[in-house]
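Given next are the chains, with one letter for each unit.
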Amino acid sequence: MSQNTTVPVNVGLVLDINGEVGKVALSCINMSLSDFYNSNSHYKTRLILNTRDSKRDVVAAAAAALDLLKNVQVQAMLGPENSMQTNFIIQLGNKSQVPILSFSATSPSLTSIRSPYFFRGALNDSSQVGAITAIIKAFGWREAVPIYVDNQYGEELIPSLTDALQAIDTRVPYRSVISPLATDDQIEKELYKLFTMQTRVFILHMLPSLGSRIFEKANEIGLMNKGCVWIMTDGMTNLLRTLEPSVTDSMQGVIGVRPYVPKTKALENFRVRWKRKFLQENPSLFDAELNIFGLLAYDATSALAVAVEKAGITGFGFDKTNVSSNATDLEAFGISQNGPKLLQALSSIRFRGLTGDYIFVDGQLQSSAFEIINVNNGARGVGFWSSEKGLTQKLSSNSTTKSKLRPIIWPGDSTSDPKGWEIPTNEKKLRVGVPVKKGFSDFVKVTIDPKTQETSVVGYSIDVFKAVIEELPYAVAYDFVPYAQPDGTSSGSYNDLIYQVFLGEFDAVVGDTTIVFNRSNYVDFTLPYTESGVSMIVPIKDSKKRNAWVFLQPLTWDLWVTSGCFFIFIGFVVWVLEHRVNEDFRGPARHQVGTSFWFSFSTMVFSQRERVISNLARFVVIVWCFVVLILIQSYTASLTSLLTVDQLQPTITDVNLLIKRGDNVGYQKGSFVLGILKQLGFDERKLVVYNSHEECDELFQKGSANGGIAAAFDEIPYAKLLIGQHCSKYTMVEPTFKTAGFGFAFPLHSPLVHDVSKAILNVTEGDKMKEIEDAWFKKHSSCPDAGTVVSARSLGLNSFWGLFLIAGIAAILALIIFLAVFVHEHWNVLKNSESSLLSRIRIFLRIFVSRDLSAHTFKDKGGIQVHGMGPTEASPDSRYPASPSSYSQHADSHFLFYGEQGTPRTESGNSNHNPNSQAQAPPEIVSAVELTNPDQEIARSPQVVRENN
């Protein structure tokens, strides 16, 4: 009934029907048609499968396709099985406008850009390159060797693979090409060639028929032992279950990459049904397994059935209007009338198949992710890779580190990550070239026993290299080979030595070799193990001036002036605060001035003997003593430094001055420093060569005028060695020209460079490097550090202005408080309106300079005020009595205001006890008293009234 209502559509199928892959694919295609039309019985079209055998031959496949196009006039074609067969059939499909849908051709060159009628229902081989390089990058392997079959399938992956490896800085030192018809002897010979190389990371890209033989031979010769890495592409990984047990036994530890197929109930159900049906059709193939190509064939058939229905195909003929009567078979099939519609329908296909989402973009099936498997008694999944997330243990994880992969069992049943390369045991040791020179033997010293001709190589650089090799996670055998003539002299410069590595004469260079740009064109350097830079070395001299005024140098002139002003200011403040209550600060004007200054300056040595009575004065003195203490201690330290420490200064600090004066400068023989000096503009005739630090010292002693040198330019390690061996004679000065320091040289792209550089970091950051430095350079550590230029500068005001600010604020604050209290107590004198303003001010000032008899210091033990002293208490010196308290208030005020130079008066008489002394009091004082007689202010100063009465 359905045959009467449906439209049959012829499609072709080209397969290797006698092969296991072809049989599996054919079975899946038939099941796909049955399942599809059972689920979509309402569809009007039905695919009629026309199968042809390709017989594993390109010509047979082309003939089969031509027959289908010419005689059957198929509207579409499935297959063929491999890329080489597909290449020609694509051209036929393009010419006839018949869509070609392949589910197993994976060659990158079979792109739909070249033929719009080709649809690849399988993943492009280049899509797995990202997964392979991600594995190599995660484990840090620096070299990898691809092994591929010598045909289109094998060759077309290599360009994209090598580009991806270069992008992650992984070198491809060799490409191993195996013919598909190679004999076992030829395979063994090629594998032995790989065995003699350092690289132990191999990427295998070929089909199981040849790949199984490769693994068996590799296992025999020892390339499947511990330390080796084998990564196979999906060409073998997809068909792993088809291999014999003996082959899989030789593949233990191999890593494989294959497209990820999600595990669904539909897939498991189909697998069970397929197994039952396949065994019914092929009872002899009881161990056959469903593979990815069978699943892709199932989905491709479903996609084609959907596209034919969507295209609405009604006619089935080919347009042959442009075909001539005498056309050949390749031209006689015409053009399909349904090709464009079917092309558009296939391009818009989108559904969920057994392999996942089935979508064509520019004729290419899109991949979702790749599964990474480890061959260990079968295929065991260890992780996944996708372009969005990179390497992950699970597709839901976002980590891209190797630790997120499940544990891997590597070849040789090893669980430790392989290093990816090794020095073959049957190969010679590393030939390590070392420089030979006369001077600076602390870095490298080569000695040859004249009797035994045995060579001994020692030095700082040699010990560092040995320590670094010991840090490597594997053993490296090496021999030191001096770069010398038969007579023991050097064979050339350091550049010549480096070039020998490029020529292959040496496998490495170890010594005091500097990393510079031009050398990096020929070798790869490790990380530096010393300080970097080229510095100028000059003699030093003691710049200390020895003269009688050296004691003034510790302080700058502004600090001296400020200190002196503050001594005067503090003396004045203490006098103001103390003179009314402290007898030590009273007396004649000259005596009071002297006492104030004496007190202030004596604080420098804290020898003041005057008592301080006022609390405000005590506060000021405490602050000031702290300031003085800091000043004295700083002055003492600075003066000690000036008198005892050598003030070493370089004789010259400017390179341009050397060039301008035409002085001779030195450089080490064979050093690249010569090029720097020429670039700076030095006259080549002014450049002097030295071979050792002893020669350099002799040239400095001669001086530039006598054929010596005024300065030397050398690398910092040499400069430090020179300075350490000639104490207090030389120093390094700016400028410092940047260089990369000393490093070890290896051939370009050597895998040793990365590992040795990491080992250098371990050595330099640990205690081992200090032990090596002490062993070679500590013998010079007893010398004073001549490289350190000591400069003692004078102490300035900027270092102490904070102290002076504190002292000034304390003194001014005390003055303000004192004046405020004083004015408040004697305010009645100023506001007395009966006297003139000038008189009131004069009286106010007289009160200010007078004693404050209300103070406790002027009271005896019984509380009676002391007004004078008896004749027996007078000082023997009539001009300067012992106690200022013997002077009267009037005598004090008269002395201060009128400056009379007569004999000072006391409260009860003069120093000669003249009974008429009171009558001789100046009239001005009497009149002043009379003017203020009724005023209460005088009553508050009773001593004035009483003494005048």
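So, how was this worked out
Residues numbered from 1 in each chain as written. Predicted model: local features only at pLDDT ≥ 70, side-chain atom pairs only at ≥ 80, totals over all residues. Heavy atoms only, no water. Buried < 20%, exposed > 50% of the residue type's maximum accessible area, 1.4 Å probe, protein only. Helix = DSSP H or I, 4+ residues; strand = E, 2+ residues; numbered from the N terminus. Pairing = 2+ DSSP bridges. pLDDT = per-residue confidence, 0-100. Contact = heavy atoms within 4.5 Å. Salt bridge = Lys/Arg side-chain N within 4 Å of Asp/Glu carboxyl O. Axes fitted to C-alpha atoms, helices over the stretch in contact; angles between N-to-C directions. Arc of directions from axis to C-beta. Phe/Tyr/Trp six-rings, centres within 6.5 Å; stacked < 30°, edge-to-face > 60°. Patch = residues over 30% accessible without salt bridge, like charges linked within 9 Å, V, L, I, M, F, W, Y side chains within 5 Å. Areas by Shrake-Rupley, 256 points an atom, 1.4 Å probe, with all protein chains shown as cover.

**Let's talk about the pairing of strand 6 (residues 145-149)**
- Strand 6 sits mainly inside the fold: five of its five residues count as buried.
- The two faces of strand 6 match: Val 145, Ile 147 and Val 149 on one face and Pro 146 and Tyr 148 on the other face are all buried.
- Direction of pairing for strand 6 relative to strand 8 (residues 201-205): parallel, over a ladder of four bridges. Paired with Tyr 148 across the strands is His 205, a residue of strand 8.
- Here three bridges tie strand 6 to strand 7 (residues 176-178), and the two strands are oriented parallel to one another. Paired with Val 149 across the strands is Ile 178, a residue of strand 7.

**Considerations on the confidence of the model for the protein chain**
- Considering every residue of the protein chain, the mean pLDDT works out to 81; 82% of them sit at 70 or more.
- Of all helices and strands in the protein chain, the one with the weakest mean pLDDT is helix 30 (residues 923-931) (36), whereas strand 9 (residues 229-232) scores best (97).
- Confidence drops under pLDDT 50 across residues 785-790; counting only partners more than four residues distant or on other chains, this segment forms 20 contacts.
- When the criterion is pLDDT under 50, residues 861-949 qualifies, and its contacts beyond four places in sequence or with other chains add up to 120 contacts.

**So, the pattern of salt bridges**
- Following the criterion strictly, the structure yields 19 salt bridges and no others.
- One connected set of salt bridges, linked through shared partners, spans Glu 188, Lys 217 and Glu 220.

**Remarks on the sheet that holds strand 18 (residues 390-392)**
- The strand order across the open sheet formed by eight strands is 7-6-8-9-10-16-17-18, and the pairing between neighbours is mixed. Taken across any chain shown, the strands that pair with only one partner, and hence form the sheet edges, are strand 7 and strand 18. On average, each strand axis in the sheet is tilted by 25° relative to the strand beside it, whichever way the strands run.
- Pairing of strand 17 (residues 379-386) with strand 18, which is carried by three bridges, proceeds in the antiparallel orientation.

**A few points about helix 14 (residues 339-347)**
- Residues of helix 14 that are buried include every one of Gly 339, Leu 342, Leu 343, Ala 345 and Leu 346, and no others. Buried residues in helix 14, looked at end-on, bunch into an arc of 165°, giving them a common side.
- Elements in contact with the buried residues of helix 14: strand 3 (76-78), strand 5 (118-120), helix 13 (292-311), strand 12 (335-336) and strand 14 (356-361).

**Quick look at unusual backbone geometry**
- Of note, the bond from Gly 79 into Pro 80 is cis; its omega dihedral lies within 30 degrees of zero at -5°.
- Within the secondary structure, Pro 80 is located in the loop between strand 3 and helix 4 (83-96).
- One non-glycine residue, Asp 362, lies in the positive phi region at around 55°.
- Topologically, Asp 362 is positioned in the loop between strand 14 and strand 15 (364-365).
- When its relative accessible area of 63% is taken as the criterion, Asp 362 is described as exposed.

**Brief notes about the packing of aromatic side chains**
- Evaluated as defined, the whole model comprises 38 aromatic pairs.
- Between Phe 443 and Tyr 718, the ring centres sit 5.1 Å apart and the planes meet at 75°, which makes this aromatic pair edge-to-face. Here Tyr 718 lies in helix 23 (residues 716-725) and Phe 443 lies in the loop between strand 19 (430-434) and strand 20 (445-448), a separation of 275 residues in the sequence.
- A relative accessible area of 1% means that Phe 443 is categorised as buried.
- Overall, the relative accessible area of 3% leaves Tyr 718 in the buried class.
- Summarising the aromatic geometry, the rings of Phe 566 and Phe 804 are spaced 5.0 Å apart at their centres and angled 45° between planes, so their arrangement reads as tilted. Taken as a pair, Phe 566 in helix 17 (residues 557-578) and Phe 804 in helix 26 (residues 801-825) lie far apart in primary sequence, 238 residues in all.

**A few points about a nonpolar patch on the surface**
- Together, Ile 568, Val 593, Phe 597, Phe 601 and Met 604 line one region of the surface with nonpolar side chains, adding up to about 400 Å² of accessible area.
- With three residues, the top contributor of residues to the nonpolar patch is helix 18 (residues 589-602).
- Inspection of the secondary structure puts Phe 601 in helix 18.

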